[in-house]
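Letter by letter, the chains look like this.
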Amino acid sequence: MQNTSFFPLRLPRRQLLRLGGACALSTGVFVPLAHSQSRQNPALRLVTIGGAVTEVAYLLGLQSQLVGTDTTSLYPPAALQTAKVGYMRQLSAEGLLSLKPDAVIASSDAGPPVVLDQIRSAGVRVELVTSDHTWAEVQRKVAAMGRATSLESQALALQAQLDAQWASVQARVAAAKPAKVPRVLFILAHSQAPSVSGEGTAADAMIRLCGATNALGGFKNYRPMTAEAMASAAPDVILTSTQGIEAQGGVDKFWAKPELALTPAFKRRALVHLDALKLLGFGPRLPEAVRELHERMVLA
């Protein structure tokens, strides 16, 4: 099965605009941590692939040089107004090259590879950032943006601020002494056939980073949500994305799935959800996401 480390919704522009507004309300006003224009190369035309990569571009003040983003780039809300080059795993060389980019900065999940090769062959610089669901992934995204835009010093300053936030969150998680470490199950519910997260996924990493335990192990990636899986996992808390809740028709319909009735979480209605990009994107809001999950699942 495909490693669905991040499963963003592929929606028409009208729905994307509505979703972007909801994200802004839930996460607060987007405030750049650094304000810099690429004075060294002000004419550089950028395309960013991957919502977290796009967030970094905005934090470095590069929004005026963004000529295109992919459909996972939902935050900040201004990113919804950029030209869209399609879903990150289904890119088109023709569509990308029509924007005449000088550089494409993308997550390693982007593809297909043949399209990226075509873009390189056209003389466009392509920076791919390896995804491994760690803090180092965030650092690589910032560094790649700095290299591609000749803003290395500004990228280092931004990274120092983010590293300080991350150190604070890690110290908070390490110092916590919960009476019981919760068993958490992540459900990918963006379709009418939900699946559950095993090991090696962004969801698995997030559960562990916030000080909880993944209720499911022994397999990689995702599997269909079945009654047997729910009974054996016995999660104390269900974790999902806000978009997943919306796709299921709301919280009540989410809980109405019979498989969930077999879990301890069902009895307590213990459900936590966050915006998908914030939760699974491993971008600059990772410290905020881990802090929120820790407070809502571990310290609750």
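As the structure is a computational prediction, the values presented were derived from the model and not from experiment.

A. Looking closely at the overall build of the protein chain. Across its full length, the protein chain holds 13 helices and ten strands. Sorting the 300 residues of the protein chain into buried and exposed places 55% on the buried side. Surface summary for the protein chain: the accessible area is close to 12,600 Å², and the carbon and sulfur share equals 55%.

B. Region of interest: helix α6 (residues 152-175). Under the 1.5 Å per step criterion, the end-to-end length of α6 is 34 Å for 24 residues, consistent within 8% with the ideal 34 Å. Every buried residue of α6 is listed here: Gln154, Ala155, Leu158, Gln159, Leu162, Trp166, Val169 and Val173. Elements that come into contact with the buried residues of α6 comprise α2 (51-59), α5 (135-149), α7 (202-209) and α13 (286-298).

C. Highlighting the environment of Lys177. Secondary-structure assignment places Lys177 in the loop between α6 and β5 (183-188). For Lys177, a relative accessible area of 73% gives the class exposed. Between the C-alpha atom of Lys177 and that of Gly211, which follows or precedes it by 34 residues, the distance is 9.8 Å.

D. Structural view of the sheet that holds strand β2 (residues 66-69). The strand order across the open sheet formed by four strands is β2-β1-β3-β4, and the pairing between neighbours is parallel. The sheet is open, and its two borders are formed by β2 and β4 (125-129), each paired with just one other strand. Neighbour-to-neighbour, the strand axes of the sheet open up by a mean angle of 15°, direction not taken into account. Pairing of strand β1 (residues 46-49) with β2 involves three bridges; the strand directions are parallel. Note that in β2 the partner of Leu46 across the bridge is Leu66. Contacting β3 (103-107) and β4, helix α4 (residues 113-121) runs over the sheet at an angle of about 145° to β4.

E. How the structure looks around the pairing of β4. For β3 and β4, the ladder comprises five bridges, and the chain directions are parallel. Paired with Val104 across the two strands is Val126, which belongs to β4. In this fold, the crossover linking β3 to β4 by way of α4 has right-handed handedness.

F. Molecular detail of the confidence of the model for the protein chain. For the protein chain, per-residue confidence averages 88 on the pLDDT scale, and residues scoring 70 or more make up 86% of the total. Confidence over residues 1-30 falls short of pLDDT 50; this stretch has 68 contacts with residues more than four positions distant or in other chains. Counted against residues more than four places away or in other chains, residues 33-39, with its pLDDT under 50, gives 21 contacts.

How each quantity is defined
Residues numbered from 1 in each chain as written. Predicted model: local features only at pLDDT ≥ 70, side-chain atom pairs only at ≥ 80, totals over all residues. Heavy atoms only, no water. Helix = DSSP H or I, 4+ residues; strand = E, 2+ residues; numbered from the N terminus. Buried < 20%, exposed > 50% of the residue type's maximum accessible area, 1.4 Å probe, protein only. Areas by Shrake-Rupley, 256 points an atom, 1.4 Å probe, with all protein chains shown as cover. Expected span 1.5 Å × (residues − 1). Contact = heavy atoms within 4.5 Å. Pairing = 2+ DSSP bridges. Axes fitted to C-alpha atoms, helices over the stretch in contact; angles between N-to-C directions. Right-handed = clockwise from strand over helix to strand, strands pointing away. pLDDT = per-residue confidence, 0-100.

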